[in-house]
Amino acid sequence: MTQDAQQLPGTISGGEPSATKKFDYTIIVWVVLLILLIILVANPIFQLFKESFFVSEDEAGGFTFQNYIDAFETDEYYKPMYITMMLAVSVGSISLVVGAVMAWVVSRTDIPFPNLIRNGILASFVTPPFLGAIAWIFLAGRNEGWLNKWIRGIFQLSDEFYLFDIFTMKGVVFAMSLYTFPLVFIVVLAGLNNISSDVEDAANVAGGGTFNTMFSITLPLVAPSLFAGFILAALEAMILFGIPAVLAIPAGQHTMTTQLRAFMVSEDDLLGLASAYAMPMLILAIGMVWTRGIVLGRRGYATVGGKGGQRRPQKLGVWRLPIFVLCMVPLVCAIVLPSLALLTTSFMKNLGGGLVWSNFTLWNYHFILTNDAVRESIYNTILLAIMAATGATIVAAISAFISQRKLIKGHQYMGFMATAPIGIPGIVLAVGLFAAYTKQPFVLYGTLWIMFLAYLTKYLPLAYQTANAGLTSIHPELEESCRIMGANRLQVFKDVTIPLFKTAVIASWILVFMPSLRELSASVLLWTTNTKVISVVIVDFYEETLLGPISALGVLLLLITLVAIAVGFRVAGRDFMRSAG
Amino acid sequence: MAVLDLKGLLKIFGTDVRAVDEIDLHIEHGELISLLGPSGCGKTTTLRLVAGFIEPNGGEIIMDGETVSNESSVIPPERRNMSMIFQSYAIWPHKTVAQNVGYGLKFRGITGAEADKRVKSLLSVVQMDHLGARYPGELSGGQQQRVALARALVVEPAVLLLDEPLSNLDANLREEMRFEIRRLHDEFNITSIYVTHDQAEAMVTSDRICVMNSGKIEQVGKPSDIYDIPATKFVAEFVGVTNSIPGKISSPELFEADDGAKFMMNPDGGKTGELVSIRPHRIQVHSENADVGGSDAQNVLDGEVTRGYYFGSTVDYLVKVPGLNEPLRVIGDPHEFFGVGSKVRLTIEKAAVILVSDS
């Protein structure tokens, strides 16, 4: 007989499973999560629906289809939809070609420095699209653009000549594609890496040549990834606000997102019209995410890496270097040139003044660091990013833990709930939040809280997927073995679960923190004078053509992001950005 | 050491899946018993019930006279003074080998120099004393398995539970670790339950084997009993290969196959049943018309070889025998090889014919 065994009689009724019978804590967990889901998703979407069927000015008017008729009958409102669809298809197609070819090159050929290309493409997530677009104005503006000036200088052409004009729909497509092709790249690379090269070798042995194998074996096998990549890129092009706001509006064009904002900032109360206008976007976006899920099957989100074993890379021969240079072009356009342009401009007095000492100034930095409104926006941005990252990570970590450890009844729905907002475009969510929380009894509009809700909702799926992936790698037996060695639940948590889960939690925090720093499409509808954030200030400055301060703010934003990434690499390891895709 | 009693133990998953279906099992002090069966037979569930990870829907688990689990209360795993070896080893990747092994000691009030001494001594028992400072990621599968063994034994548990501990090892290592586990059991003599689906593992390691199927216990007994005198068709076929011949008892100790062949049976076998089980290597093959001597102790049958595969140490025959619907599988001696079509005479000792029930 052991001592422990002798203690048993007194402890029998204290056994844990019986304790759970006395008090069913699953109800509390469900109630809390349900309330959260209602606040974050259900109520805003419901209010959006409701508003779309009421005429805003006429409270007594009651139910009407007038908003839908207005939204889809008028040419002025119909055209942005057409433009948006065209944008989505063109950007999706270009991204598909560029992203898929680069993925194939990195995965299957003897290209030099494949990791440089891979990591460079991952890094292009660092530049916010609206900053990239602004930087491209400096580079490819019709008159003052450096690339145009440079060409005129070389070929001694007149001031009338220009090669690039970013303020065109082509320019918009170009700028968007720079930030959407990485989505295709990541999905297709994962797809390619998951195909065992044995399958391709078998085709070669059976007599298929390199190209025959590629078209009859490889291509059909990655077809789901190609389709998913296209959907992702097209969806992103559809819901982006920053690039069309910066480039299309000066060109006299609206997209659905900019038109939506025009409704919301209008002198008239057009909430009903805006809600109706947001519907096709919402339905399309959810439909696209849903289709992608079906096509990709259970591999809902892909990770770079994967298995597949040894590969025999295809020899590129004399094309090795030219193809490498070609692969670097999108990277240079997406990261190197914009960053350089922003950095240079931020130290210039006059945009057209050239790279001379007399044109050097620190005024832009002085301005943004002393201007009260800007300083407050920096404070708000960082505060909001910390709040969103912390909030999303806590909710994600708890729901992932419950889901993986099957802790409560209905745990299998946990993942669905945490990723429910995944298809909702940021700007549509913002209209919904505006509709839901500007009136009694929940007046959040005008506070940071409404923006916090927007960020939390928008990034919860990302945080959940990261936390969930991290937990999957912790085998439940690691906890059970701790238990049987004599540790109670709390000690198991402290000694095993937290140390092993920590990395994924930190990664998920940083993965929410970074995009929250530059969130624009929801913020631009929800800000008020006291709750401006950096991205909103940049758009403001842009409308006032304060390009120098924009560059300085942009550099500051990039610096904060880089610090966050550096911390992430250090604490969570070099692969922590993988689930960003 | 401890005595364990499972009484009417019942575990239902969902609404009607009876994973463990009212089983009774008594385990002696210092005994190593294995739960053997195919996947889904309830063996792992039984083990987890004993560990206290899950609660039973009925029945009870009694340890040294005290109820540790029943329908209304379950003592949590950490208060049972048990150890467990997991299929995945479950070595904590963020702790060194020595930290892994020493972890359980602090809960038993053993710290400092005494704890270090015990960790060192256990590591040397499993031949890992030079690797205490390593992290698990730097170890091979076999070494991780040894760490898991040391970690489980260092706390001198009352009961040791092993959940398919060797299934992740490659074949050679698995064979070596079987003997290692038996050696450690002989050294520490801890009451142990060993879950496996591998009959050879169960044979080598266990004092007794408990064969399970569909949540129920088919048979409990010494390895030789399980093999030589199986109680059911399931046990006979799961533990080794056999010929199962359906028919009925025609007189005491005489079995008549459905197609007419008659067999004298082992009187120590089952008394009721619908089949006899005959192990292929208990059947001797002789040439046609060989003089095998008339005896009450053996059955004699004539037949024709329909298949014969040469394996070096044995020959694997199928022999068609009049009066039997299915050909008999026979493992023969290779020094005398009979080709396909050869007429042969078979002799089967009475002791090799075991009456089994069909359930």
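The rules behind the values
Residues numbered from 1 in each chain as written. Chains lettered and ligands numbered in written order. Predicted model: local features only at pLDDT ≥ 70, side-chain atom pairs only at ≥ 80, totals over all residues. Heavy atoms only, no water. Helix = DSSP H or I, 4+ residues; strand = E, 2+ residues; numbered from the N terminus. Rg over C-alpha atoms; globule rule 2.2 N^0.38 Å. Buried < 20%, exposed > 50% of the residue type's maximum accessible area, 1.4 Å probe, protein only. Contact = heavy atoms within 4.5 Å. Lys, Arg positive; Asp, Glu negative; His and termini not counted. Charge placed at Lys NZ, Arg CZ, Asp CG, Glu CD. Arc of directions from axis to C-beta. Pairing = 2+ DSSP bridges. Axes fitted to C-alpha atoms, helices over the stretch in contact; angles between N-to-C directions. Polar contact = N/O pair within 3.5 Å; in protein donor to acceptor, adjacent residues only side chain to side chain. Domains from an automatic or database assignment. Buried area = accessible area lost by both parts, 1.4 Å probe. Salt bridge = Lys/Arg side-chain N within 4 Å of Asp/Glu carboxyl O. Nonpolar A, V, L, I, M, F, W, Y, C, P; charged D, E, K, R; others polar. Left-handed = near helix turned anticlockwise from the far one by under 90°. pLDDT = per-residue confidence, 0-100. Phe/Tyr/Trp six-rings, centres within 6.5 Å; stacked < 30°, edge-to-face > 60°.

Considering the overall build of chain A
Then, number 1: When helices and strands are counted, chain A shows 25 helices and zero strands.
Then, number 2: The C-alpha radius of gyration computed for chain A amounts to 26 Å, which stays within 12% of the reference 25 Å derived for 581 residues, consistent with globular compactness.
Then, number 3: In chain A, which comprises 581 residues, the proportion classed as buried is 54%.
Then, number 4: For chain A, long-range pairs separated by at least 24 residues make up 76% of all intrachain contacts whose partners lie at least 6 apart in sequence.
Then, number 5: Mean positive and mean negative side-chain charge positions of chain A (35 and 34 charges, respectively) differ by 13 Å.

Some remarks on helix α16 (residues 363-370) of chain A
Residues and elements named next belong to chain A.
Then, number 1: Every buried residue of α16 is listed here: Asn364, Tyr365, Phe367 and Ile368. Here the buried residues of α16 occupy an arc of 160° about the axis, which is enough to place them on one side.
Then, number 2: For α16, the secondary structure elements touched by its buried residues are α15 (320-346), α17 (372-404), α24 (534-543) and α25 (547-572).

Things to note about the sheet that holds strand β2 (residues 17-27) of chain B
All names here are of chain B.
Then, number 1: Read from one edge of the open sheet, four strands run β2-β1-β4-β5, paired in antiparallel fashion. With partners counted over all chains shown, the strands left at the sheet margins are β2 and β5 (66-70), one partner each. For this sheet the average axis-to-axis angle between neighbouring strands, irrespective of direction, equals 25°.
Then, number 2: Bridging between strand β1 (residues 4-13) and β2 involves eight bridges; their strand directions are antiparallel. Among the inter-strand pairings, leucine 4 is bridged to a residue of β2, identified as isoleucine 27.
Then, number 3: The strands touched by helix α1 (residues 43-51) are β1, β2, β4 (58-63) and β5; relative to β1, the strand with the most contacts, the crossing angle is about 115°.

Looking at the side chain of asparagine 213 of chain B
All names here are of chain B.
Then, number 1: Structurally, asparagine 213 is set in strand β9 (residues 208-213).
Then, number 2: The exposure class assigned to asparagine 213 is buried, which follows from its relative accessible area of 18%.
Then, number 3: For asparagine 213, the side chain forms a polar contact with the side chain of serine 214, separated by 3.5 Å.
Then, number 4: With residues near it in sequence (within four places) discarded, asparagine 213 still touches Pro38, Cys41, Glu218 and Phe234.

What about the sheet that holds strand β12 (residues 254-257) of chain B?
Residue and element names in this part refer to chain B.
Then, number 1: On the basis of which strands lie adjacent, the open sheet formed by five strands has the order β13-β12-β11-β14-β20 and antiparallel pairing. Each edge of the open sheet carries a strand with a single partner, namely β13 (262-264) and β20 (354-356). Sheet twist, expressed as the mean angle between neighbouring strand axes with direction ignored, is 45°.
Then, number 2: Taken together, the four bridges between strand β11 (residues 243-251) and β12 define a ladder with antiparallel strand orientation. Paired with serine 251 across the bridge in β12 is leucine 254.

A word on the environment of isoleucine 38 of chain A
Then, number 1: Tracing the sequence through the fold places isoleucine 38 of chain A in helix α3 (residues 26-52).
Then, number 2: Not counting residues up to four positions away in its chain, the partners in contact with isoleucine 38 of chain A are Asn43, Pro44 and Tyr437 of chain A.

A word on the domain arrangement of chain B
Residue and element names in this part refer to chain B.
Then, number 1: Each assigned domain of chain B is listed with its residue range as follows: domain 1 (4-228) and domain 2 (233-356).
Then, number 2: Measuring from the centre of the C-alpha atoms in domain 1 to the corresponding centre in domain 2 gives 39 Å.
Then, number 3: Summed over both sides, the interface between domain 1 and domain 2 buries roughly 970 Å², with carbon and sulfur atoms accounting for 69% of that surface.
Then, number 4: Broken down residue by residue, the surface that domain 1 buries against domain 2 is led by Gln199, Tyr227 and Asp228, which jointly contribute 47%.
Then, number 5: Connecting domain 1 to domain 2 are zero salt bridges.
Then, number 6: On the surface where domain 1 and domain 2 come into contact, there are two residue pairs in polar contact (both at pLDDT 80 or more).
Then, number 7: For the side of domain 1 that touches domain 2, a count of residues per class yields seven nonpolar, five polar and two charged.

Let's talk about the packing of helix α14 (residues 271-296) of chain A against helix α19 (residues 426-437) of chain A
Residue and element names in this part refer to chain A.
Then, number 1: The contact between α14 and α19 brings their axes to 10 Å, and the two run at 145°. Read as a crossing pair, α14 and α19 show a hand that is left-handed. Across the interface between the two elements, Leu271, Ser275, Ala278, Met281 and Leu282 from α14 touch Ile427, Val428, Val431, Phe434 and Ala435 from α19.
Then, number 2: For the contact of α14 with α19, the class distribution of residues is nine nonpolar, one polar and no charged.

Quick word on the environment of isoleucine 181 of chain B
Residue and element names in this part refer to chain B.
Then, number 1: Inspection of the secondary structure assignment puts isoleucine 181 in helix α5 (residues 171-188).
Then, number 2: A relative accessible area of 6% means that isoleucine 181 is categorised as buried.
Then, number 3: Separated by 47 residues in sequence, isoleucine 181 and arginine 134 place their C-alpha atoms 23 Å apart.
Then, number 4: Sequence-distant contacts of isoleucine 181, that is, excluding residues within four places in its chain, are made with Leu149, Leu162, Pro165, Leu166, Tyr194 and Thr205.

Quick word on the confidence of the model for chain A
Residue and element names in this part refer to chain A.
Then, number 1: In the predicted model, chain A carries a mean pLDDT of 84, and 90% of its residues have values of at least 70.
Then, number 2: Mean pLDDT per element in chain A: helix α1 (residues 3-11) is the minimum at 36, and helix α12 (residues 242-248) is the maximum at 93.
Then, number 3: Across residues 1-22 the pLDDT falls below 50, and counting only partners more than four positions away or on other chains, this stretch makes 37 contacts in the model.
Then, number 4: Note on residues 299-309: pLDDT under 50 across the span, and 18 contacts to partners over four residues away in sequence or across chains.

Looking at the packing of aromatic side chains
Residue and element names in this part refer to chain A.
Then, number 1: Inspection of the entire model under this criterion finds 23 aromatic pairs over all chains.
Then, number 2: Centroid distance phenylalanine 53 to tyrosine 68: 5.1 Å. Interplanar angle 40°. Geometry classified as tilted. In this pair, phenylalanine 53 sits in the loop between α3 and α4 (66-73) while tyrosine 68 sits in helix α4, placing the two residues 15 residues apart along the sequence.
Then, number 3: Chaining the aromatic ring pairs together yields one cluster made of Phe53, Phe65, Tyr68 and Phe72.

Focus on the pattern of salt bridges
All names here are of chain B.
Then, number 1: In total, this model carries 30 salt bridges over all chains according to the counting rule given.
Then, number 2: One salt bridge connects glutamate 114 with lysine 117, and the closest N-O pair in it is separated by 3.9 Å. Of the two residues, glutamate 114 and lysine 117 both sit in helix α3 (residues 112-125), three residues apart, roughly one turn of that helix.
Then, number 3: Classification of glutamate 114 by relative accessible area gives partly exposed; the value is 35%.

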